[in-house]
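# Analysis of the macromolecular model
The primary structure of each chain is shown beneath.
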Amino acid sequence: MNRFGKIVVKCRVPILILALILIIPALMGYLNTRTNYDILTYLPKDIETMKGQDILAKDFGTGAFSMVVVEGMPDKEISKMADEMKEVDAVKDVLWYGSVADISVPVQVLPDKYRDAIESGDAKLMMIIYSTTLSADETLDAIEELRDIADERVYIGGMSAVVEDTKNLSDKEVPIYVCIAVILSLTVLMITMDSYLIPVFFLLSIGLSIIYNMGSNVFMGEISYVTKALAAVLQLAVTMDYSIFLWHSYLEEKEIYSDNKEAMAAAINKTIVSVVGSSITTVAGFVALMFMSFTLGKDLGIVMAKGVVMGVIACVTVLPSMILCFDKALMKTKHKPLLPDFSKPSKWIVEHFYIFLIIFAILIVPAFYGQSHNKVYYNLDSSLPESLSCIQANKKLEEEFNMNSTHMILMDSDINSKEVRKMVDEIEDVKGVKAVLGTDSLIGPAMPEEMIPENIKEVLDNGEYQLIFIMSEYKVASDEVNAQCDEINEILDKYDESGMLIGEAPCTEDLIRVTDHDFSVVNSVSILLVAIIILLVFKSASLPVLLVSVIEFAIFINMGIPHYTGATLPFVASIVIGTIQLGSTVDYAILMTNKYKVARYAGESKKEAVTSALRTSMGSIIVSALSFFAATFGVGIYSDIDMISSLCVLMARGAIISMFVVVLLLPAVLRVFDGLIVHTSVGFRNKEADKRTGKESYNYEKHAVV
C-alpha cells in the first residue's frame, strides 16, 4: 500500500496527461450511449403485457400509435394532411373516418357509439399507427415530423408523444443540472474548506470520474433518462467526501514530513483505507437497487456503483497529482474555515442526551405512519409540466372525447367472428369503456365487410392475430382503469385464454404490482448489506442494529414528511430513496462510531468517549451533508420533470435529516447502549488503558444508563 502512494506521486504528471487523454474515448462512449426515455420498457420481459408488446412489434410490424385530435379543420384538409403524414418514415398508417368511407358520406350514418368515438362537435379523432416501437428513435423522429406537418388545430397525444417531450425536456435540462450542482457545491466548499482553490480541484477530479463513468455506459448499450439526469449530480454528491478526506490527510502529513511529496504519498496510503471502507456502504446501497425486478433499478444501480468506484480511483490518483502540481497556489489561497469549534455543542448534546431520546420517542410513530401512508403516482405524464404539447393533446382527448386511455387486445385470428362480436358486446358494457374498434366490431350494421379497405384490415388482422382497440374514459394508473382492465381480462379469457390485454394502462397496472414487491425487496437487501458491512468493519453484533436503526429513523422522517405536506411522490422515489439515503449517509454514523471506538479503547469513560467522538466528527459530518445537499437541492428546485425534482429534493433533505439525527441522536444511543456495545464488539475494551487511567469497564447490566 505504501508503494502505491509513492508510485502516484512519482507519476503525477503522466497521470494527469493520461486523465486528459481518457476524456476523448469517454466522450465518444457518452455520445454513442443511447438514452431510453420510456420507463415502461424496464418492466420484466416475462410478464404478459411485455410479451404482447413484443408480438405487436414482431408480428404486426408496429408497436406504437398516437391519438390525434383535429379541431375546426374541414375534411378535405384532414384528408390532405393524413396523406402527408403517411409519407413520414416510421408511420405505417393514418386512420380516421376518411380511411374507411368516402368523406362525402356523412358520419351520421354510423351508429351513435362509433360516431361519438370519432367526432365531437368540430373536433375529429385520428389514429397514427407506427411501424416501430413506442420509444424507438424512429418513432420519436416521426413525432417531430408529424408536428411540423400539423398546425395549431392538431393535437398529437399518446405515450410516444409523451416520450418525445420527455426526451426534449430532459436533454435541455441535464446540462443545467450539472451547472447548478457545481455552482452550489463550489459555494459550500469555499465556505467550509480552508482553501478557496482546493474546491476547484475537487470538482475537476470528480468531474473527470463522472465523464469516465458516463462514457463507460456505452458497454450497457443504453441507460434511462432518469439515470442520465441523476448520475452526474448523485456521483458528485456521494463522492465529495473522499476528496475532502484526502486533502485533510495531506495537510496533517505535511506537519510531519518536510517534503510535500512524501506527505502526499503518506496521505494517499491513509486515504485508500478510509475511502474504500466508506465507499463500500455507498456501493452496497446502489447494489441493492439491482435486485429490483423493475430493471430501472438495475440501470441506476450499475451506473452509480461504478461511478463511486471511479470516484475513489480518481481521488487517490488524479486529485493527488493535481494538488502536487499546484501546491504553491493552494497554500497561498488557504484561509481559516468558517465552521466554529464544536467543543461546547458536543458537550451540551452528550450531557442532555435524554432530550433527544424523548424527541425520538415522540417522532418515531408519526414518522413511521407518514412514510407508510404516502400518496404515490404511477402515471408517467404526471411528472411533466402541463405546458408540453403531449399534455395539452391528452387534455384535448379528455375534454372533447372523454377519453383518457386506450387499451389493445391481441387475440387469435381464427376465433369465430360471432364469438368476437359477442366478446366486444360484453366489453362495451364494462363501466368506463367508450368504444371498441376492431375488424369484427366494424363489420355488420355499422360497416359491411366489403367497405373496409385492405390497409385497415391489415392493421387490425395479420392472419395470426387480430388487434382490437378499446377506448376508455378512465385515466392511466387510476383504481378505476385497473379494475376495468381486470374485468376486460376476465371477459377475454372466456373467449381466448391466450389473448392478451396490452397498452399503457395494463402495463402501468403491472408496474404498480411489480414495484410494490420491489419496495420491500430493495429495502430488505440494502439493510442487510449495510448491516453486514458494519458487522465486518466493527466486528460487532450490536452496532449493525443500532447504526442502521438510527439512519432508518432519519429515512422515516424524510419519507414521512410528504404525507403531512400533502405531496404525491413518483413511484420510483418510494423505492430508491431509502436505499440511497442509507448507503450514502450511514457513513456519518460509522465515522462517529469509529472515533468513539478509538476513544473507548484509549480508556476514556463512555461519556468522555462519546463527547470526543462527536466533537471530532461533527465538522466532517456537517461538511459532508452540506455538500450532498448543495449538489442535489438546486436541481430539485429547478427541474420541470417532477420525477427528477422529487428525487433530488428527497435526497437533499435526507442528507440534512441524517446529519441532524446522527449528530443529536447517535451520541445518546452510544451512551445508553455503551455496555452492550463494549461487550458485543471487538476493540472497544483495553484493560491496560483502563489500568493506566484508573477506570474500569462498565457493566452493562449494572449501569444501563449513566
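These remarks concern the structure in this document. Just so we're clear, the structure is a prediction, and the values are computed from it rather than from any experiment.

### Regarding the state of the cysteines
According to the stated counting rule, one finds zero disulfides in the structure shown. As a non-bridged cysteine, C325 has C11 as the owner of its nearest cysteine sulfur, 12 Å distant. On the basis of relative accessibility, which here comes to 37%, the residue C325 falls in the partly exposed class. The closest cysteine sulfur to the non-disulfide-bonded C648 is located on C179, 15 Å from its own sulfur.

### Digging into empty space enclosed by the protein
Taken as a whole and assessed by the stated rule, the structure comprises four cavities of 30 Å³ or more. In this structure, the second largest cavity is lined by Y37, D38, I39, M159, V162, V163, T166, Y225, L380, S383, L384 and M643. Looking at the lining of the second largest cavity, the element that brings in the most residues is helix α9 (residues 159-192), giving four residues. Residues that form the lining of the second largest cavity fall into these classes: nine nonpolar, two polar and one charged.

### Digging into helix α25 (residues 571-601)
When the terminal C-alpha atoms of α25 are compared, their 46 Å separation across 31 residues agrees well with the 45 Å that a helix rising 1.5 Å per residue should span. When the local axis directions of α25 are compared, the greatest deviation, roughly 35°, occurs at T585. Of all 31 residues that make up α25, 25 are buried, and the element is covered over most of its length. Just downstream of α25 lies G603, where phi reads positive at about 105°.

### Observations regarding the sheet that holds strand β11 (residues 465-472)
One key point about sheets: their strands pair by backbone hydrogen bonds, in either a parallel or an antiparallel sense. Spatial strand order, β10-β11-β9-β12: four strands in an open sheet with antiparallel pairing. The sheet is open, and its two borders are formed by β10 (433-437) and β12 (500-503), each paired with just one other strand. This sheet shows a mean twist of 25° between the axes of neighbouring strands, independent of strand direction. One ladder, built from eight bridges, connects strand β9 (residues 405-412) with β11; its direction is antiparallel. Residue I409 lies in a different strand from β11, and its bridge partner there is I468. The strands that helix α19 (residues 417-428) touches are β9, β10 and β11; relative to β10, the one it contacts most, it runs at about 165°.

### Concerning the packing of aromatic side chains
If you walk through the whole model with that rule in mind, you get 13 aromatic pairs. Summarising the aromatic geometry, the rings of Y37 and Y225 are spaced 5.9 Å apart at their centres and angled 20° between planes, so their arrangement reads as stacked. Of this pair, Y37 sits in the loop between β1 (34-36) and α4 (48-59) while Y225 sits in helix α11 (residues 225-254), and the two are 188 residues apart along the sequence. Just as Y37 is buried, Y225 falls in that class too.

### Comments concerning the pattern of salt bridges
Applying the stated criterion across every chain, the model contains 19 salt bridges. Between K124 and D75 there is a salt bridge, and its shortest N-O distance comes to 3.6 Å. Of this pair, K124 sits in strand β5 (residues 123-130) while D75 is found in helix α5 (residues 75-86), placing the two residues 49 residues apart along the sequence. Between E426 and K494 there is a salt bridge; the shortest N-O distance is 2.9 Å. Separated by 68 residues along the polypeptide, E426 in helix α19 and K494 in helix α22 (residues 479-495) bring together distant segments of the chain. Given a relative accessible area of 57%, K494 falls into the exposed group. Salt bridges sharing partners connect three or more residues here, namely R34, D137 and E222.

### Considerations on the nonpolar core
Within the largest apolar cluster, 187 residues are counted, with the highest numbers of intra-cluster contacts made by M126, F294 and L647. Here this core gets 18 residues from one element, more than from any other, and that element is α11. Ignoring any residue separated from it by four or fewer positions in sequence, one finds F294 in contact with I39, Y42, L43, L511, V514, T515, D518 and F571. Residues F65, L95, L397 and M500 belong to the second largest nonpolar core, which totals 27 residues.

### Some points on the environment of S120
Looking at where S120 falls in the secondary structure, it is placed in strand β4 (residues 119-120). C-alpha of S120 to C-alpha of V238: the two residues are 118 residues apart in sequence and 54 Å apart in space. Those residues in contact with S120 that sit more than four places away from it in its chain are E400 and F401. Only 2.7 Å separates the side chain of S120 from the backbone oxygen of E400, close enough to count as a polar contact.

### Digging into a negative patch on the surface
A cluster of acidic side chains, namely E48, D486, E487, E490, D493 and E497, defines a negative patch on the protein surface. Ranked by residues supplied to the negative patch, first place goes to α22 with four residues. Looking at the element boundaries, E490 is found in helix α22.

Analysis parameters
Residues numbered from 1 in each chain as written. Predicted model: local features only at pLDDT ≥ 70, side-chain atom pairs only at ≥ 80, totals over all residues. Heavy atoms only, no water. Disulfide = S-S within 2.5 Å. Buried < 20%, exposed > 50% of the residue type's maximum accessible area, 1.4 Å probe, protein only. 1 Å grid on protein atoms, 1.4 Å probe; cavity = no way out; pocket = protein on both sides within 12 Å on 5 of 7 lines; lining within 4 Å. Points joined across faces, edges and corners; volume = space filled by probe spheres on them. Helix = DSSP H or I, 4+ residues; strand = E, 2+ residues; numbered from the N terminus. Nonpolar A, V, L, I, M, F, W, Y, C, P; charged D, E, K, R; others polar. Expected span 1.5 Å × (residues − 1). Bend = angle between axes of the 7 residues up to and from the residue. Pairing = 2+ DSSP bridges. Axes fitted to C-alpha atoms, helices over the stretch in contact; angles between N-to-C directions. Contact = heavy atoms within 4.5 Å. Phe/Tyr/Trp six-rings, centres within 6.5 Å; stacked < 30°, edge-to-face > 60°. Salt bridge = Lys/Arg side-chain N within 4 Å of Asp/Glu carboxyl O. Core = buried A, V, L, I, M, F, W, Y, C linked by side-chain atoms within 4.5 Å. Polar contact = N/O pair within 3.5 Å; in protein donor to acceptor, adjacent residues only side chain to side chain. Patch = residues over 30% accessible without salt bridge, like charges linked within 9 Å, V, L, I, M, F, W, Y side chains within 5 Å. Areas by Shrake-Rupley, 256 points an atom, 1.4 Å probe, with all protein chains shown as cover. Lys, Arg positive; Asp, Glu negative; His and termini not counted. Charge placed at Lys NZ, Arg CZ, Asp CG, Glu CD.

Worth remembering: the numbers are spatial, not functional.
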